Amino acid sequence: MTLTALCPGTFDPVTNGHVDIVQRAAGLFDGVVVAVVENPAKEPLFPVAERVEMLRESLSGLANVEVESFSGLLVDYARTRGVGVIVKGLRAVSDFDYELQMAQMNRHLGEVETCFVPTSPRWSYLSSSLVKEIARFGGDVSGLVPEQVLRRLKERLA
Ligand code: PNS
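Attention in this report is confined to the structure presented alongside it. Going along each chain's sequence as written, the residues are numbered from 1 onward. Confidence filtering applies because this is a predicted model: local features only for residues at pLDDT of at least 70, side-chain atom pairs given and counted only at 80 or more, and all residues used for totals across whole chains, interfaces and linings. Side-chain metrics rest on all non-hydrogen atoms present in the structure, leaving aside hydrogens and water.

### Regarding the state of the cysteines
When two cysteine sulfur atoms lie within 2.5 Å, the pair is treated as a disulfide. Counted by the stated rule, this structure contains zero disulfides. Here Cys 7 stays unpaired: no disulfide links it, and the sulfur of Cys 115, its closest cysteine neighbor, is 10 Å away. Residue class for Cys 115 comes out partly exposed when judged on its relative accessible area of 34%. When a residue's accessible area, from a 1.4 Å probe over protein chains only, is under 20% of the maximum for its type it is buried; when over 50% it is exposed; and in between it is partly exposed.

### Let's talk about the pattern of salt bridges
Side chains bearing opposite charge may pair, as long as their charged atoms lie close to each other. By definition here, a salt bridge exists when the distance from a side-chain nitrogen of Lys or Arg to a carboxyl oxygen of Asp or Glu is within 4 Å. Summed over all chains, the structure comprises 13 salt bridges. A salt bridge links Arg 152 to Glu 57; the shortest N-O distance between them is 2.8 Å. Taken together, the residues span a long stretch of sequence, with Arg 152 in helix α6 (residues 147-157) and Glu 57 in helix α2 (residues 48-58) at a distance of 95 residues. The class for Glu 57 is partly exposed, based on a relative accessible area of 26%. Here the residues in one salt-bridge network are Glu 50, Glu 53, Glu 57, Arg 152 and Arg 156, joined through shared partners. A run of H or I in DSSP becomes a helix once it reaches four residues, and a run of E becomes a strand once it reaches two; helices and strands are each numbered from the N terminus.

That's the geometry; what it means functionally is another story.
As structure tokens, then:
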């Protein structure tokens, strides 16, 4: 039996913290589907196609990882893909409340289990929102996001 996990997120944009979680999930499971949410209610900096592209570029070395986008409920997407496990990173206790609520709701809705992976300490202060804020004000985010993302951030915010 092969076991595949879903790593869902907004990834606007992908950070080194996300890459670390996906890499580690890829070592724990036979396959990983990175699922990029297309949420029309939110106004992301990068359109969903570009977020998918950046993830594919950043994760190209991982043979058992694929990247797709989805809209609607995560449990419906998980069912379509035949995946029963979600992997989420936890940076700090402050992440836990919301993540636990989503995990329990997803289990209620679709009998999907969630596995939490502790974020590596070196990325525990990192978030896509902070990266965007710093980049918008001309701050240096190199070393926090993959090289390709750095380039695209500069282009988009120029
Ligand atoms: O990167 P994020 O913003 O923490 O990811 C949140 C995400 C995409 C996992 C969550 O918003 C989600 O699952 N969205 C899809 C809609 C859905 O299923 N909502 C109910 C969650 S219990």
